[in-house]
Amino acid sequence: MSIEPDTTREVSGEHFLPARRALADDVYDAVLGLLMDQVIEPGSRASIDGIARQLGVSPTPVREALARLESEGLVVKKALKGYTAAPLLDSDGLRELFEMRRLLEPYATRNAAGELDDRTLDQLEELCEAMHRSGEAAQTGEDRFKDYKDFANQDSDFHRIIAEHSGNVLLSDAISRLRSHMHQYRIYFKHGVVDETSGEHETVLEALRSGDGAAAEAAMLDHITRSYHRIASSLESGAAD
């Protein structure tokens, strides 16, 4: 049994799922939405029973979803206290995250150049095109996670596929464990980022198609650097407000 994303309904700012749709992935998506939209505020308690009542499901899939989200760094489990929503990255946390990305991802992209077959390159191109479509759709939404979820997932997939073709399993795993896209989209999403991010991805892809490792490395480094400045500027503006 599966559900369609647009059948989740909201009442008084809350997210609900019919009990008949209470599959693990469905509940995970719903709880992720609560965290990304900060309905469950950063640092606040994520009550298993409370979320289960809110979604109209049993506690078991909620407990499974929170365990999965703990592994992704979006909730924290404390002894005798249960789960709480992880705090948002501050300026130092954001800087450290992107320092790691700048160290790991350009190198992985350089290694992937010349190792990607035509089918994988076409898959990356399809992701770039899909991001354009998802970005346009997000512009008509209410700036909620459900509106830009596809864009965020496609962005993540683009980086994941490149890392997986770096020829280094430990490197790919380290990049995956950063969960960087989850964290950055939790604190920042603006419609203007769509075209910028998509264009930077296309530059990376062009270098990968040419098999030019140095150009691919430089393009990925430029993309990550620009991403950092976009988000850091947003944080600074928020602090000033």
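What counts and what doesn't
Residues numbered from 1 in each chain as written. Predicted model: local features only at pLDDT ≥ 70, side-chain atom pairs only at ≥ 80, totals over all residues. Heavy atoms only, no water. Helix = DSSP H or I, 4+ residues; strand = E, 2+ residues; numbered from the N terminus. Expected span 1.5 Å × (residues − 1). Buried < 20%, exposed > 50% of the residue type's maximum accessible area, 1.4 Å probe, protein only. 1 Å grid on protein atoms, 1.4 Å probe; cavity = no way out; pocket = protein on both sides within 12 Å on 5 of 7 lines; lining within 4 Å. Points joined across faces, edges and corners; volume = space filled by probe spheres on them. Nonpolar A, V, L, I, M, F, W, Y, C, P; charged D, E, K, R; others polar. Axes fitted to C-alpha atoms, helices over the stretch in contact; angles between N-to-C directions. Parallel < 35°, antiparallel > 145°, perpendicular 65-115°, else oblique. Left-handed = near helix turned anticlockwise from the far one by under 90°. Contact = heavy atoms within 4.5 Å.

Colleague: Just checking my understanding: could you explain helix α6 (residues 145–164) for this structure?
Modeller: Helical geometry note: an α-helix holds 3.6 residues per turn, so side chains three or four residues apart project in the same direction. End to end, α6 covers 26 Å across 20 residues, agreeing with the expected 28 Å (1.5 Å per residue, within 8%). Buried residues of α6: Phe145, Tyr148, Lys149, Phe151, Ala152, Gln154, Asp155, Phe158, His159, Ile161, Ile162 and Ala163, and no others.

Colleague: Sorry, what's going on with empty space enclosed by the protein here?
Modeller: Any empty space left between atoms is shown by rolling a water-sized probe over those atoms. Scanning the model with the defined rule gives one cavity of 30 Å³ or more in all. Within this model, the largest cavity holds a volume of roughly 100 Å³. Around the largest cavity sit Asp155, His159, His181, Gln184, Tyr185, Tyr188, Val193, Thr197, His223, Ser227, Arg230 and Ile231, which together line it. Secondary-structure elements contributing two or more residues to the lining of the largest cavity are α6, α8 (180–187), α9 (193–210) and α10 (213–240). Per-class residue counts for the lining of the largest cavity are four nonpolar, six polar and two charged.

Colleague: Help me out: how do you make sense of the layout of surface pockets in this one?
Modeller: For the largest pocket, the calculated volume is near 540 Å³. In terms of lining, the largest pocket is formed by 24 residues, of which the most central are Ser156, Asp157, Arg179, His181 and Met182. Secondary-structure elements contributing two or more residues to the lining of the largest pocket are α1 (24–36), α6, α7 (169–177) and α8. With ten residues, the single largest contributor to the lining of the largest pocket is α6. Classifying every residue of the lining of the largest pocket gives nine nonpolar, seven polar and eight charged.

Colleague: Is there a simple way to think about the packing of α1 against helix α3 (residues 59–71) in this case?
Modeller: To characterise two packed helices, one gives the angle between the axes of the helices and the distance between these axes. Where α1 contacts α3, the axes come no closer than 9 Å and their chain directions differ by 60 degrees. Considered as vectors, α1 and α3 are oriented oblique to each other. For the element pair α1 and α3, the recorded crossing hand is right-handed. Along its contact with α1, which presents Ala24, Asp25, Val27, Tyr28, Val31, Leu32 and Leu35, the element α3 presents Pro61, Val62, Glu64, Ala65, Leu66, Arg68 and Leu69.

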